[in-house]
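These are the residues of each chain, in order.
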Amino acid sequence: MLMKRNLLIALGVMLALPTFARDFTYQYEGKTLTYTVLSEEDKTVTTKDGTDGTSGNKVTGEVKIPATVYDANNVAYTVTAVGYRGFANLMGLTSVIIPNTVTSIGDGAFIHSEDLASLIIPNSVITIGEGICCFNSALTSIVIPESVTKIGEGAFSYCTRLNTVWLPGSLTSIGEIAFNNSNLIKSVYYNTEEPLTGYKTLFSIFSPYDRAVLYVPSEAAVEKCKETSPWMYFYDIQVYDFSQSAVDEIMSDEDWENIPMFDLYGRKVENPQRGQIYIKGGKKFIQN
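Residues numbered from 1 in each chain as written. Predicted model: local features only at pLDDT ≥ 70, side-chain atom pairs only at ≥ 80, totals over all residues. Heavy atoms only, no water.

Focus: the sheet that holds strand S15 (residues 187–190)
Read across the open sheet, the 5 strands follow the order S11-S13-S15-S16-S17; overall the sheet is parallel. The strands lining the two open edges of the sheet, one partner per strand, are strand S11 (141–143) and strand S17 (236–239). Pairs of neighbouring strands in the sheet enclose a mean axial angle of 15°, with direction left out of account. Looking at chain direction, S11 and strand S13 (residues 164–167) are connected through 3 bridges and run parallel. By the bridge assignment, valine 143 is partnered in S13 with tryptophan 166. (Pairing = 2+ DSSP bridges. Helix = DSSP H or I, 4+ residues; strand = E, 2+ residues; numbered from the N terminus. Axes fitted to C-alpha atoms, helices over the stretch in contact; angles between N-to-C directions.)

Points about the pattern of salt bridges
A full pass over the atoms with the stated rule returns 6 salt bridges. The partner of aspartate 71 in a salt bridge is arginine 22, with the nearest N and O atoms 3.4 Å apart. Placement of aspartate 71 in the loop between strand S5 (68–70) and strand S6 (76–82) and of arginine 22 in the loop between helix H1 (2–16) and strand S1 (23–28) is noted, with a sequence separation of 49 residues between them. Taking relative accessible area as the criterion, aspartate 71 reaches 7% and is therefore assigned buried. Within the structure, one salt-bridge network assembled from shared partners comprises Arg22, Glu40 and Asp71. (Salt bridge = Lys/Arg side-chain N within 4 Å of Asp/Glu carboxyl O. Buried < 20%, exposed > 50% of the residue type's maximum accessible area, 1.4 Å probe, protein only.)

Observations concerning the sheet that holds strand S9 (residues 118–120)
Here we have 3 strands laid out as an open sheet, ordered S4-S7-S9, and parallel in their pairing. A strand with exactly one partner marks an edge of an open sheet, and here the two such strands are strand S4 (61–64) and S9. Geometrically, the sheet is characterised by an average inter-axis angle of 15° between neighbouring strands, direction not taken into account. Inspection of the sheet shows S4 paired to strand S7 (residues 93–97) by 4 bridges, in the parallel sense. Considered in S7, the bridge of glutamate 62 is made with serine 95.

Description of the side chain of serine 229
Relative to the helices and strands, serine 229 resides in the loop between helix H2 (219–225) and S17. Here serine 229 is in contact with Leu196, Thr197, Gly198, Tyr199 and Lys200, once residues within four sequence places are set aside. (Contact = heavy atoms within 4.5 Å.)

A short note on unusual backbone geometry
In terms of backbone geometry, most residues other than glycine have negative phi values and most peptide bonds are trans. Cis geometry marks the peptide bond from serine 229 to proline 230, where omega comes out at 5°. For asparagine 74, which is not glycine, the phi torsion reads 65° and is therefore positive. Mapped onto the fold, asparagine 74 is located in the loop between S5 and S6. In this structure, histidine 112 takes a positive phi of about 65° despite not being glycine.

With respect to the nonpolar core
Core analysis: the largest hydrophobic core is formed by 59 residues, its most contacted members being Phe110 and Phe156. Of all elements in the fold, only strand S2 (31–39), S6, S7, S13, S15, strand S16 (213–216) and H2 reach the threshold of two or more residues within this core. Contact partners of phenylalanine 156, with chain neighbours within four places excluded, come to Ile132, Cys133, Leu139, Ile142, Ile144, Leu162, Ala178, Phe179 and Ser182. By size, the runner-up hydrophobic cluster in this structure holds 7 residues, among which are Trp166, Val213, Phe242 and Ile277. (Core = buried A, V, L, I, M, F, W, Y, C linked by side-chain atoms within 4.5 Å.)

Observations concerning the packing of aromatic side chains
In the structure shown here, the tally under the stated rule is 21 aromatic pairs. Judged by centre distance (6.2 Å) and plane angle (35°), the ring pair of phenylalanine 24 and tyrosine 35 falls under tilted. Here the residue phenylalanine 24 occupies a position in strand S1, and tyrosine 35 occupies one in strand S2, the gap between them amounting to 11 residues. Exposure class is identical for phenylalanine 24 and tyrosine 35. Each is buried. Between phenylalanine 135 and tyrosine 158 the ring centres are 5.2 Å apart and the planes differ by 15°, which places this aromatic pair in the stacked class. (Phe/Tyr/Trp six-rings, centres within 6.5 Å; stacked < 30°, edge-to-face > 60°.)

Purely geometric numbers; function is a separate question.
Right under this line is the structure:
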């Protein structure tokens, strides 16, 4: 009986011990990133979390996060998240492409990475955390895909070079001050007939409300925005055809490089600028 009791106590102690996440590194296209296993059963990982003072990964230049990574035993794992402060405080990080296996971007994922000029968010992401790109990133444009339902508080605040924002109709929640103090915003494209109600401080109180144009898909949406905070504070609300395409002809992948490129006003572009939104092959994208 005593031995049985001791075995039960020992088992209870073992079960009470904390489990530690396993990290491993994987190199892809010349960049080595660290990943943390989320589930051994499902074979899923996140890019490694950072701390309040350090980044989870220390990389520079252009980074393409792979959809699938392999540990030292060559076991495949799917990348499903970008971790908390995963790429924070990185000088020289200029571009990040997130794979279409990721469903969440953690709080502060790219905070204080001031050289980040291009961030590609795929149409798989559902939640965008708080303050992911705030404080002086080099982003001039950001496209939030139609899969996203939540943008966290202060997600793109103090992005002092941001001038164009695309918001999807899929949003069910936008945190307070999400774009506050991003005072150079000139165009906000919001593809919804039912604008969300939010804080006036979603954007800066005086700018961009008095300088930017809010584009929505219909006259009915314009009228609803005029009655709904914070959209009602935009001085200029206009209708925009979100289905419009600057390219009529469907081209094959082989001809992609020869497809003409247009800006959002339908003007042909010969010298695209990094980080700007263009239309090519009937699709909007951010130039890398």
